[in-house]
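Each chain, written out:
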Amino acid sequence: MSDNASAVVLAIDGPGGAGKGTVSRLIAERLGWHLLDSGALYRLTAQAALKHGVALDDEPALARLAESLDVAFIAEGGETRVMLEGDDVSAAIRTETMGECASQVAALPTVRQGLLARQRDFQKPPGLVADGRDMGTVVFPTAPLKIFLTASAEERARRRHLQLQEAGVDASLPSLLKDIQSRDARDMQRAVAPLKPADDAVELDTTELSIPDVVDHIQRLLEDRSLIASI
Ligand code: DC
């Protein structure tokens, strides 16, 4: 087995707004591991489609785009800049609209297939934190620790609302809740790689937990399984 293939993978899956992104980034920073934000790849595919005038139901063209995406993730002072074909799209891919478009392209089997090898390339020593919907079920099925993070839809909408308010964006809580519920439904009901916990995943409901509590809890699980040294 190559060094890369034997590097430890921590798979963190769950619905949008459960805290996966923040938790994954903090754990990767704490351990000095690589980070895969797989949702960004689906958002980038949707962004590339928009840029090149590809319809969101043109599966063959979207699959070609996914496979040949020209992207770069550039770490810069605690932030990661996301580049598409040389343009900084860090903010553009994070809008609610792009999240919705990403969810549509993510339902297409050949798009998912087109992004598979690229995701697996992130597995490298000293380890990888992989954040997504199907990290533990499809992309890294042999990951030695799989976490499924959840929180009630109401709590996730409240968190998103707060985040948008902090960014100076006006949004209505009821419409955010509706969007979250419809995106959950699409992500859970799609035929390929639906959002669901792997059989061997540890489920963690973060509705009542703070981000540092969740990070500490996952760190203890990694220690208990001897995947990292106890501190
Ligand atoms: O995590 P996110 O909001 O950036 O993800 C955007 C969309 O991409 C989301 O609706 C689900 C989809 N997605 C997916 O299907 N599989 C992944 N591994 C990650 C995201």
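In what follows, the structure referred to is the one given above.
This text gives an overview of the structure that appears in the document.

On to the overall build of the protein, then. Along its length, the protein carries 10 helices and eight strands. Relative to the 2.2 N^0.38 estimate, which gives 17 Å for 231 residues, the radius of gyration of the protein is 17 Å and therefore close to what a compact globule would have. Here the protein holds 231 residues, and the buried ones make up 45% of them. Contacts in the protein between residues far apart in sequence, at least 24 positions, make up 74% of those at least 6 positions apart. Surface exposure of the protein reaches about 11,400 Å², of which carbon and sulfur atoms provide 52%. Put simply, the protein has 25 plus and 35 minus side-chain charges, and the middle of one group is 1 Å from the middle of the other.

So, about the sheet that holds strand E4 (residues 79-84). A sheet is described by the order of its strands in space; here three strands give the open sequence E3-E4-E5, paired in antiparallel fashion. With partners counted over all chains shown, the strands left at the sheet margins are strand E3 (71-76) and strand E5 (87-88), one partner each.

Before going further, it helps to examine the site of the ligand. Around the ligand sit 16 residues in total, of which Arg43, Arg112, Arg133, Asp134 and Arg190 are the nearest. The contact in question runs from an oxygen atom of the ligand to an N or O atom on the side chain of arginine 112, over 2.8 Å. Against a free-state accessible area of 440 Å², the protein chains account for coverage of 94% of the ligand. Every element with two or more residues in the shell around the ligand is listed here: helix H3 (38-52), helix H5 (96-106) and helix H9 (173-189). Top element by residues in the shell around the ligand is H3. It accounts for four residues. Of the residues assigned to the shell around the ligand, the class counts are four nonpolar, four polar and eight charged.

Glancing now at the packing of aromatic side chains. A full pass over the atoms with the stated rule returns one aromatic pair. Ring geometry for phenylalanine 73 against phenylalanine 122: centres 6.1 Å apart, planes inclined by 75°, an arrangement best described as edge-to-face. With phenylalanine 73 in strand E3 and phenylalanine 122 in the loop between helix H6 (109-120) and strand E6 (127-132), this pair connects stretches of sequence that are 49 residues apart. On the basis of relative accessibility, which here comes to 31%, the residue phenylalanine 73 falls in the partly exposed class.

The rules behind each value
Residues numbered from 1 in each chain as written. Predicted model: local features only at pLDDT ≥ 70, side-chain atom pairs only at ≥ 80, totals over all residues. Heavy atoms only, no water. Helix = DSSP H or I, 4+ residues; strand = E, 2+ residues; numbered from the N terminus. Rg over C-alpha atoms; globule rule 2.2 N^0.38 Å. Buried < 20%, exposed > 50% of the residue type's maximum accessible area, 1.4 Å probe, protein only. Contact = heavy atoms within 4.5 Å. Areas by Shrake-Rupley, 256 points an atom, 1.4 Å probe, with all protein chains shown as cover. Lys, Arg positive; Asp, Glu negative; His and termini not counted. Charge placed at Lys NZ, Arg CZ, Asp CG, Glu CD. Pairing = 2+ DSSP bridges. Near = heavy atom within 4 Å. Polar contact = N/O pair within 3.5 Å; in protein donor to acceptor, adjacent residues only side chain to side chain. Nonpolar A, V, L, I, M, F, W, Y, C, P; charged D, E, K, R; others polar. Phe/Tyr/Trp six-rings, centres within 6.5 Å; stacked < 30°, edge-to-face > 60°.

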